[in-house]
Amino acid sequence: MHMQRDNEGIRLPKLLGLAVAGATLLAGMVVLPATQASADEDYGYNAEDDFVQGPVVPTKTPRLTVTMYLSLAKGFAPTGSSKDAEALAKTQDLTPAKDVLFHVEEVQPATGKDWGDIKASDPNTYTQTGNSFAGITNGQGVIDTWYDAADGKIKNADEHGFPVAGETAKAFPTATEGGKVHYYILFENKDASWAFNPQNPNKLDTNKYDAAENSFFGLPYAAQSLNATKANGYIYNLHLYPKSKNKSVFSKTVQDVLDSKTNKAKNQRTAVAGDKIDYKLSQTIANNGSATAKDGILDVSELKGNYKDILFVDRMSSALKLDESTVAGTLYYTVKGADNKSEVKTVALTDQKANASAPDFRWGATDKSPNRISGTGTMFPDTKDAVQYYQFQLFGGGTSGTVISTLTAATGATDIHVDVTYQATVTPLGDSTATDGVANDAASDFSENTSDVIKDHTNVMNAGLAFGSVKNKDSQYAALPGTEYRLVANSDSLDKYLATDGDFHTTSELPKGAQFYQATANSDGLVAFAGLPIFGSESATSRAGTGDSGEKVRTDISWKLVETNTPEGWRNPGVAFGTVTFSNVAGKSATELAQTYGPHGVVQPNYDELQFKNFEVSPASITPKMKFNNQDISKYEQHFANTDTDAPLALPLTGGRGIVLLLVVGALIMGGALYARSRRNSSARA
């Protein structure tokens with residue numbers, strides 16, 4: 001699992017966390033009107049909330065749906081409805097958290113306490129009854145299936161904490177006669193979550209995220225209608241949205257993935273070549289009223305306006321191309337208005353294109369990692385292949401002085417942060433630069449930074465293909481950088497390659513605007529395709545009301561892999577390898593894949609069907625192993641040198657005694673032929 005923000009992979013409803021520590025649902029103890037109605041949307045809820053007007057229905061089993069997010073923002077007052085998702089639909093700085101364990105404990109007031117005394121954050125206010133539940137978030141951050149729990153974990157679990165095969169779900173008890181509901185507290189079990197386990201190749205940094213706050217609630221959930229009827233009733237499918245707040249001062253997030261055909265944001269954040277991704281870099285600035293030099297905290301009073309306050313660097317991988325016309329900067333801060341209500345203020349930052357003489361921030365691209373501004377060294381220690389480093393220097397001269405003055409004068413300003421946003425297009429060029437497909441890394445440095453640069457990583461769910469390109473056994477299977485590959489339909493069409501229009505073309509017939517899917521081995525020998533077109537759309541009728549984007553993995557994918565360029569001194573195999581299929585996920589929807597892989601997932605093909613035949617070398621022979629998506633790759637193609645006589649499909653005319661004998665025989669044959677022709681010519685003249 002790879003849970004760096006970013007939510008990536010999916011355009012889920014933009015949900016913000018439920019921070020309800022200390023909130024109690026005492027309305028559940030109130031005797032409500034006797035009128036009963038069916039659960040529907042007449043009261044302002046979604047049908048999935050299962051809201052029923054009237055008193056508790058003792059025979060109706062309540063449910064709990066938890067959606068967990070990694071967040072940069074604070075919570076808001078929830079209703080316990082899936083409608084909460086819609087309330088913050090434009091909030092983008094949220095990432096579904098995969099493989100996080102939550103447990104639910106039924107509670108009663110502690111001795112001498114009453115229901116109104118219970119605080120979810122204070123264990124002295126309640127006692128646990130022993131009725132426990134546990135569940136683990138899927139790739140969309142959702143738990144809708146709960147199991148019997150012990151010690152805050154699933155009782156019957158495997159070594160990673162997941163329920164063993166065949167384990168049955170545990171239902172929440174129904175309310176009793178007389179309207180008595182059951183009350184619970186929801187806890188995040190960070191220590192037992194696979195998401196933070198060191199053995200997880202895509203683990204989250206346990207020190208980077210605060211655990212979600214505990215939540216106190218009743219099931220069923222006493223509530224009032226969300227429309228003008230103000231009818232009392234109960235929600236029988238309670239939706240909670242806990243969050244783990246990112247403690248870092250810097251982050252990079254995916255805002256949206258825009259479909260290349262419609263230019264509209266996708267429901268699920270799946271990316272193929274041609275799609276556009278909206279990114280945001282964000283850093284917080286303190287306003288403590290005083291500043292201490294080199295304390296690791298950048299305070300408002302320490303902003304100098306000399307382009308050395310904050311430096312962002314985005315290492316844009318080969319699978320992404322930044323659109324320079326979309327770059328924008330904004331400063332945000334919150335102040336108290338005249339009515340004591342919080343107001344968010346924004347200040348647009350101009351760049352060198354808008355104000356060449358005195359821009360607020362300036363930026364540009366380089367093929368080498370820029371230097372830090374607060375210490376020695378570079379922002380990224382490694383210079384990767386086929387990569388562009390975009391650097392954004394915040395707070396320059398001229399108008400930035402006004403911006404800083406405005407911020408300094410904003411007495412009591414809080415939640416100060418500066419954002420840089422831009423859009424990048426997904427390319428069909430293989431992304432062996434990054435670790436996991438359509439991905440990239442960003443870093444921040446600032447004048448008060450006393451440690452390493454702060455980095456963040458994003459990815460969106462996409463289809464990739466990864467393998468290694470190596471030399472022969474005599475070279476100890478060393479990496480062979482620069483090997484280039486494309487995809488073809490079959491072994492009889494080696495000169496027609498898969499392009500971004502979904503068809504196969506020769507190089508001379510490629511339509512305008514289309515590009516070939518292509519991957520080139522990097523300096524480590526890793527070859528990685530990214531953003532492959534594995535999805536096809538279903539009809540609108542078939543997906544109506546499902547909440548699915550309608551994208552499903554095509555069942556007709558059967559590509560072959562062909563080597564289109566081989567470094568000098570090494571043989572091109574001259575044959576197509578294959579087959580590349582996604583039979584392991586064929587027919588699954590984007591939503592289903594998101595639940596399985598998470599927002600950062602890379603959907604990979606069935607590698608059992610990708611065979612290099614006589615050119616394949618066992619991974620056991622490769623040291624060190626190449627990695628993709630933080631895991632060892634399983635396929636390696638061996639190359640033979642031009643001088644190798646044992647190469648498959650190679651002519652044995654490559655030197656040595658064999659060629660001397662052939663040359664002697666050839667000379668004798670040619671000599672005999674010339675002698676015979678000479679005799680014929682002499683006879684003719686006679």
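Residue positions are given per chain, counting from 1 as you read along its sequence in written order. Per-residue local features of the predicted model are confined to residues with pLDDT of at least 70, and side-chain atom pairs are confined, for both listing and counting, to 80 or more; whole-chain, interface and lining totals are unaffected and use all residues. Values reported for side chains reflect all heavy atoms of the structure, with hydrogen atoms and water molecules removed beforehand.

Here the focus is the overall build of the protein chain. Elements are defined by DSSP. Helices are runs of H or I of four residues or more, strands are runs of E of two residues or more, and each kind is numbered from the N terminus. Across its full length, the protein chain carries 5 helices and 41 strands. Buried, partly exposed and exposed residues are distinguished by accessible area as a fraction of the type maximum, computed with a 1.4 Å probe on protein chains only: under 20%, between the cut-offs, and over 50%, respectively. The buried share of the protein chain, reckoned over its 686 residues, is 51%. Taking the contacts inside the protein chain whose residues are at least 6 apart along the sequence as the reference set, 72% of them involve residues at least 24 apart. Counting only carbon and sulfur atoms, one obtains 49% of the accessible surface of the protein chain, whose full area is about 30100 Å². Whether two residues touch is decided by their heavy atoms; if any such pair falls within 4.5 Å, the residues are in contact. Per-residue and other accessible areas were derived by the Shrake-Rupley procedure at a 1.4 Å probe size, with only the shown protein chains allowed to occlude residues.

This part covers helix α4 (residues 590-597). Those residues of α4 not exposed but buried are A590, T591, L593 and A594. Each buried residue of α4 lies within a common arc of 160° when the element is viewed along its axis, so the set occupies one face. Positive backbone phi, at 85°, marks G598, one or two positions downstream of α4. Working note: the arc is built from the helix axis to C-beta atom directions.

Two rings from Phe, Tyr or Trp (for Trp, the six-membered ring) form a pair when their centres sit within 6.5 Å of each other. Planes less than 30 degrees apart are called stacked, planes more than 60 degrees apart edge-to-face, and all others tilted. One pass over the structure, following the stated rule, counts 21 aromatic pairs. Ring centres of Y45 and F51 lie 4.6 Å apart, and the angle between their planes is 25°; on these two criteria the pair is classed as stacked. As far as the burial class goes, Y45 and F51 line up, both buried. Aromatic rings pair up to connect F467, Y485, F577, F612, F615 and F640 into one cluster. Counted as over-ring charges are cases with an Arg CZ or a Lys NZ within 6 Å of the ring centre that also lie within 35 degrees of the ring normal. The side chain of K60 reaches across the aromatic face of Y236, ending 5.4 Å from its centre.

The omega torsion across G578 and T579 is 15°, close enough to zero to call that bond cis. With respect to the element layout, T579 can be found in strand β37 (residues 576-580). Here the bond from T623 into P624 is cis, since omega is -5°, no more than 30 degrees from zero. Among the secondary structure elements, P624 is positioned in the loop between β38 (602-603) and β39 (627-628). At D99, a residue that is not glycine, the phi angle is positive and equals roughly 65°. Within the secondary structure, D99 sits in the loop between β4 (94-96) and β5 (101-109).

A separate point is the pairing of strand β28 (residues 465-470). Of all 6 residues in β28, 6 are buried; the element is thus mostly enclosed. Taking every second residue as pointing to the same face, both faces of β28 are buried, with L465, F467 and S469 on one and A466, G468 and V470 on the other. One ladder, built from 4 bridges, connects β28 with strand β33 (residues 526-529); its direction is antiparallel. Its bridge partner being in β33, A466 is matched across the sheet by A528. For two strands to pair, DSSP has to find at least two bridges joining them. As paired strands, β28 and strand β41 (residues 636-638) are joined by 3 bridges and run parallel to one another. Paired with G468 across the two strands is Y636, which belongs to β41.

A separate point is the environment of V562. When you line up the elements, V562 lands in strand β36 (residues 559-565). By relative accessible area, V562 is classed as buried at 6%. Expressed as a C-alpha distance, the spacing of V562 and V488, which sit 74 residues apart in the sequence, is 6.8 Å.

The working definition used for a salt bridge is a side-chain nitrogen of Lys or Arg within 4 Å of a carboxyl oxygen of Asp or Glu. Enumeration over the complete set of coordinates arrives at 15 salt bridges. For K208, the salt bridge goes to D456, with nearest N and O atoms at 3.5 Å. Pair noted here: K208 is in the loop between β10 (182-188) and β11 (215-219) and D456 is in strand β26 (residues 454-459), with a separation of 248 residues, a long-range link. Across the pair D632 and K627 runs a salt bridge whose closest N-O atoms are separated by 2.7 Å. D632 gets classed as partly exposed once you look at its relative accessible area, which sits at 47%. Residues joined in a network through salt bridges with shared partners are D50, K60 and R63.

With respect to the element layout, D501 can be found in the loop between β30 (497-498) and β31 (504-505). For the pair formed by D501 and A514, sequence separation is 13 residues and the distance between their alpha carbons is 6.0 Å. Leaving out residues up to four positions away in the same chain, D501 has contacts with P511 and A514. Polar contacts, as used here, are pairs of N or O atoms within 3.5 Å; protein pairs need one atom able to donate a hydrogen and one able to accept it. Residues neighboring in sequence count only if both atoms are side-chain atoms. A polar contact of 3.0 Å, which involves the side chain of D501, links it to the backbone nitrogen of D503.

As a further point, take the confidence of the model for the protein chain. Confidence scores per residue from the predictor, reported as pLDDT, run from 0 to 100. Across the protein chain, the average pLDDT comes to 84, with 83% of residues at 70 or higher. The secondary-structure element of the protein chain with the lowest mean pLDDT is helix α3 (residues 540-543), recorded at 36, while β30 shows the highest, at 98. Scored below 50 in pLDDT, residues 1-39 shows 179 contacts in the model against residues more than four places distant or in partner chains. Confidence over residues 650-665 falls short of pLDDT 50; this stretch has 9 contacts with residues more than four positions distant or in other chains.

Our next topic: the sheet that holds strand β2 (residues 63-67). Strand order in this open sheet of 3 strands is β7-β2-β14, and the pairing throughout is mixed. At either end of the open sheet lies a strand with only one pairing partner, and these are β7 (142-143) and β14 (237-240). Pairing of β2 with β14 involves 4 bridges; the strand directions are parallel. Bridging from a neighbouring strand, T65 pairs with H239 of β14.

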